[in-house]
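# Examining the three-dimensional arrangement
Each chain, letter by letter, is given below.
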Amino acid sequence: MTDSEQASGNLDWRTLVAAAQSSLAEAGVPDADISARLIGQRATGAEPGEWVEVLADAPHKRHLAHFDAMVERRCQGEPLQYVLGQWGFRHLDLFVDNRVLIPRPETETVAGLAVTEVESVRHAAGDVTPEDVAELPVIVADLGTGSGAIGLSVAYECSDVDVWLTDVSAAALTVARANLAGLGTKGSRVRLAEGSWFAALSPELQGRLSVVVSNPPYVGHDDDIDPQIRWEPADALFAEPAEQHLVHLVETATSWLHDAGSLILEMAPDQTSTIQQLAASLFDEATVHNDLAGRPRAVVARRPLQRN
Ligand SMILES: C[S@@+](CC[C@H](N)C(=O)[O-])C[C@H]1O[C@@H](n2cnc3c(N)ncnc32)[C@H](O)[C@@H]1O
């Protein structure tokens, strides 16, 4: 580093991060220590294991400007994930900004259910479907993909699958496309499509999907919500009535899945009973699954009974 690139004064990262922590705490940011540390790591590009060594270093001017800008945004209340521009989801490090919902821990559980269903459908297909259907490629659709969190996790964790990422928001698909680029060869069988739910897909896929997974908007306008979510796109969160997309997806999925296919839907805990009952009337089996906090969070429906 040349002198002209170095910030003036006797600053080191330890001092800067401590000062940022105080400013963040004064601004009412919860977990100010975590925010200050992660913003410091992001500004310097240090891996967590390198951070202790970086603390005694003098900051580079460009890194300091980035650090100050991120601290200011966080002080204004912007979610840490948007400020950092990246967030971990299962095995992936996803790019996120305010065009997409911040991927949630409960959705990691839903993505895990999708991974499980891919393997279970692959092995069950021969028992349930005619031979020609059982030999079809495993095709997964992540409808309302946002950052691509669920579908890209499936592509990363499962071998030999075709994955469709769809969204009605072109802006969200731009983010998903950036995250797809980060997958390298594991993303070679992932495609994107814009449109509302199944209408985004080619009619040729009807009756051929192995797994459909979705985390649709399911928050009602009158629900008690964390004020922090005002930073996220409203179209990704709210529905009126709150279950409208969930009901549409259950009712429509039957004609898009093949006979051994599975539907996985994320929803609010108080919606699981209604959606499980609806799914049980249209599928051979419908079960409720909990998130890591032990709250009912997802319905998995297997083997559609009838075509719409
Ligand atoms: C709750 S977010 C989920 C995002 C991502 N799948 C995740 O789990 O983090 C819902 C997503 O559904 C999309 N969406 C809303 N209405 C839609 C529609 N009619 N058809 C397709 N996608 C829709 C939103 O743009 C948003 O990306």
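Higher on the page you've got the structure.
Residues numbered from 1 in each chain as written. Predicted model: local features only at pLDDT ≥ 70, side-chain atom pairs only at ≥ 80, totals over all residues. Heavy atoms only, no water.

### Quick word on the packing of helix α1 (residues 13–26) against helix α2 (residues 32–44)
Viewed as axis vectors pointing N to C, α1 and α2 meet at an angle of 135 degrees, and their least axial separation amounts to 8 Å. Between α1 and α2, the angle is such that the two are oblique. As α1 packs across α2, the resulting crossing turns out to be right-handed. Every residue of α2 that contacts α1 at Trp-13, Val-17, Ala-20, Gln-21, Leu-24 and Ala-25 is listed here: Ala-32, Asp-33, Ser-35, Ala-36, Arg-37, Ala-43 and Thr-44. (Axes fitted to C-alpha atoms, helices over the stretch in contact; angles between N-to-C directions. Helix = DSSP H or I, 4+ residues; strand = E, 2+ residues; numbered from the N terminus. Parallel < 35°, antiparallel > 145°, perpendicular 65-115°, else oblique. Left-handed = near helix turned anticlockwise from the far one by under 90°. Contact = heavy atoms within 4.5 Å.)

### Describing the pattern of salt bridges
Under the definition given, this model contains 13 salt bridges. The partner of Asp-97 in a salt bridge is Arg-99, and the shortest N-O contact between them spans 2.7 Å. On the basis of relative accessible area, Arg-99 is assigned to the partly exposed category, the value being 32%. Taking the shortest distance from any N to any O, the salt bridge between Arg-122 and Glu-119 comes out at 3.2 Å. Of this pair, Arg-122 and Glu-119 both sit in helix α6 (residues 105–128), three residues apart, roughly one helical turn. Each of Glu-117, Asp-284, Glu-285, Arg-302 and Arg-303 takes part in a single network of salt bridges with overlapping partners. (Salt bridge = Lys/Arg side-chain N within 4 Å of Asp/Glu carboxyl O. Buried < 20%, exposed > 50% of the residue type's maximum accessible area, 1.4 Å probe, protein only.)

### A closer look at the environment of Tyr-218
Within the secondary structure, Tyr-218 sits in the loop between β6 (209–214) and α10 (234–237). Taking the C-alpha atoms as reference points, Tyr-218 and Asp-235, separated by 17 residues in sequence, lie 10 Å from one another. Non-local contacts of Tyr-218, meaning those with residues more than four positions away in its chain, are made with Asp-223, Leu-237, Ala-242, Leu-246, Glu-266, Met-267, Ala-268, Gln-271 and Arg-297.

### As for unusual backbone geometry
Here the bond from Glu-240 into Pro-241 is cis, since omega is -5 degrees, no more than 30 degrees from zero. The topology assignment puts Pro-241 in the loop between α10 and α11 (244–256). At Asp-160, a residue that is not glycine, the phi angle is positive and equals roughly 60 degrees. Structurally, Asp-160 is set in the loop between α8 (149–157) and β4 (161–167). A residue is classified by how much of its surface remains accessible, and Asp-160, at 52% relative accessible area, is exposed. A positive phi angle is found at Arg-303, which is not glycine, with a value near 60 degrees. Within the element layout of this structure, Arg-303 appears in strand β9 (residues 296–304).

### Regarding the site of the ligand
Around the ligand, 18 residues are found, and the nearest of them are Gly-144, Asp-167, Trp-197, Asn-215 and Ala-236. A distance of 3.0 Å separates a nitrogen atom of the ligand from a polar side-chain atom of Ser-196. A distance of 3.0 Å separates a nitrogen atom of the ligand from a polar backbone atom of Trp-197. In isolation the ligand offers 600 Å² of accessible surface; the protein chains occlude 94% of this area. Of the residues that constitute the shell around the ligand, the class distribution is eight nonpolar, eight polar and two charged. (Near = heavy atom within 4 Å. Polar contact = N/O pair within 3.5 Å; in protein donor to acceptor, adjacent residues only side chain to side chain. Areas by Shrake-Rupley, 256 points an atom, 1.4 Å probe, with all protein chains shown as cover. Nonpolar A, V, L, I, M, F, W, Y, C, P; charged D, E, K, R; others polar.)

### Concerning the pairing of β9
Alignment of strand β7 (residues 257–266) against β9, held across five bridges, turns out to be antiparallel. Considered in β9, the bridge of Ser-262 is made with Arg-302. Taken together, the seven bridges between strand β8 (residues 283–290) and β9 define a ladder with antiparallel strand orientation. When the bridges of β9 are listed, Asn-290 appears paired with Pro-296. (Pairing = 2+ DSSP bridges.)

### With respect to the side chain of Glu-232
With respect to the secondary-structure elements, Glu-232 resides in the loop between β6 and α10. Other than its neighbours up to four places away in sequence, Glu-232 contacts Tyr-82, Leu-101, Ile-102, Arg-104 and Leu-237.

### Remarks on the packing of α1 against helix α4 (residues 61–75)
Two numbers describe how α1 lies on α4: the axes approach to 10 Å, and their chain directions differ by 15 degrees. Between α1 and α4, the angle falls in the class roughly parallel. At the point where α1 passes α4, the crossing takes the right-handed sense. Facing α1, whose interface residues are Trp-13, Leu-16, Val-17, Ala-20, Ser-23 and Leu-24, α4 presents His-63, Leu-64, Phe-67, Val-71, Arg-74 and Cys-75. Along the lines of polarity and charge, the residues of the contact of α1 with α4 split into nine nonpolar, two polar and one charged.

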